[in-house]
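# A closer look at the structure
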Amino acid sequence: MSGIKTVAIIGAGQMGSGIAQTVAGGGYDVKLYDTAHGRAVLAIGEIAASLARRVERGLITDVQAQDYLARIKVCDSLADTVSGADMVIEAVLEEEAAKKQAWVDIVPHLAPHALLASNTSSISITRLAAETDRPERFIGLHFMKPAPVMRLVEIVRGIATSAATYDAAVTFAESLGKQTTASEDFPAFIVNRILVPMMNEAIYTLYEGVGTVTSIDTAMKLGANHPMGPLELADFMGLDVALAIMNVLHEGLADSKYRPCPLLVKYVEAGWLGRKSGRGFYDYSGETPVPTR
């Protein structure tokens, strides 16, 4: 990827910070921005802690960790972040209005040659690309969570995405040590089209009293050889994200089988979003997560 040297990442939440770490580890200079400046500063601490754990496990050296961290710069303004960047990756809140507004704000500061990518896990790439001045250079780069660990990047072409942009996106992802899979631009793409409805069905199973949190997760871990139970995985993903994806599926495909479980809606309304809020289908306030139902 000789044409890409600097990557701007917009959004410094769990996904944005993980992508920043991954891209820096691939040898690229990273400019990180969040509308909440404190969030971006906090992300640097989280990245440093993540790199330290990788050093402890012998996955990278301390020198490499310091080099990766040095490649990441927190910027104070969107203009400083985007100007001169060879690629811009948007990783803001998984809400279509928020993502569209982000691109409207980004476009005036873009270099003419910049490639554009969204890390959306469910929203139409075609619609997001239409908010920019270069839909042919816009693509979906869906990193899995946690981005530094998961091997897959799902690559999603919008209707206007050029073949050259797709090829560049594949090469870029592979330069980060990732494997790619191609998806057409349908609601939730491949991974979440299959995965999140499974979580939703597990929540219905809990809601209807078929099993407890423990019995449902144990059944799927031991009976289907899943590394995490679906309720544990929903907590890890974030229940607000799971609900947003189910809403995209339900609205985009108009099929009642994608109706979000009322219990999922209730948890999100209560602010019980999973690990990131300290409570979801498990309570994370102690040393060991405890089922809440």
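All figures in this text were calculated on a predicted structure; none of them were measured in a lab.

### Overview of the pattern of salt bridges
Considering all chains together, one arrives at 12 salt bridges under this definition. Taking the shortest distance from any N to any O, the salt bridge between Lys99 and Glu90 comes out at 2.4 Å. Both residues of the pair, Lys99 and Glu90, belong to the buried class. One salt bridge connects Glu96 with Lys100, and the closest N-O pair in it is separated by 3.1 Å. You can see Glu96 and its partner Lys100 sitting in helix α5 (residues 96–106), four residues apart, about one turn around the helix. Glu96 gets classed as partly exposed once you look at its relative accessible area, which sits at 23%. Among the charged side chains, a network of salt bridges with common partners joins Asp29, Asp67 and Arg71.

### What to know about helix α8 (residues 191–207)
In this model α8 runs 24 Å from its N-terminal to its C-terminal C-alpha over 17 residues, within 8% of the 24 Å that 1.5 Å per residue would give. Residues of α8 that are buried: Asn192, Val196, Pro197, Met199, Asn200, Ala202, Ile203, Tyr204 and Leu206. Buried residues along α8 sit against β6 (138–143), α9 (213–223), α10 (230–237), α11 (239–253) and α12 (262–269). Note on α8: the residue one or two positions beyond its end, Gly209, has a positive phi of about 80°.

### Considerations on the packing of aromatic side chains
Within this structure, the stated rule accounts for six aromatic pairs. Residues Tyr204 and Tyr207 carry aromatic rings whose centres are separated by 6.4 Å and whose planes lie at 70° to one another, so their mutual orientation is edge-to-face. With Tyr204 and Tyr207 both in helix α8, this residue pair falls three residues apart, about one helical turn. With relative accessibility at 12%, the residue Tyr204 sits in the buried group. A residue is classified by how much of its surface remains accessible, and Tyr207, at 42% relative accessible area, is partly exposed. Seen in terms of ring centroids, Tyr282 and Tyr284 are 6.4 Å apart; in terms of plane orientation they differ by 50°. Their pairing is tilted. The two residues Tyr282 and Tyr284 agree in class, both being buried. Pairwise contacts between aromatic rings join Tyr267, Trp272 and Phe281 into one cluster. Above the face of the Tyr166 ring, Arg157 is positioned so that its terminal group lies 4.2 Å from the ring centre.

How each quantity is defined
- Residues numbered from 1 in each chain as written.
- Predicted model: local features only at pLDDT ≥ 70, side-chain atom pairs only at ≥ 80, totals over all residues.
- Heavy atoms only, no water.
- Salt bridge = Lys/Arg side-chain N within 4 Å of Asp/Glu carboxyl O.
- Buried < 20%, exposed > 50% of the residue type's maximum accessible area, 1.4 Å probe, protein only.
- Helix = DSSP H or I, 4+ residues; strand = E, 2+ residues; numbered from the N terminus.
- Expected span 1.5 Å × (residues − 1).
- Contact = heavy atoms within 4.5 Å.
- Phe/Tyr/Trp six-rings, centres within 6.5 Å; stacked < 30°, edge-to-face > 60°.
- Lys NZ or Arg CZ within 6 Å of the ring centre and 35° of its normal.

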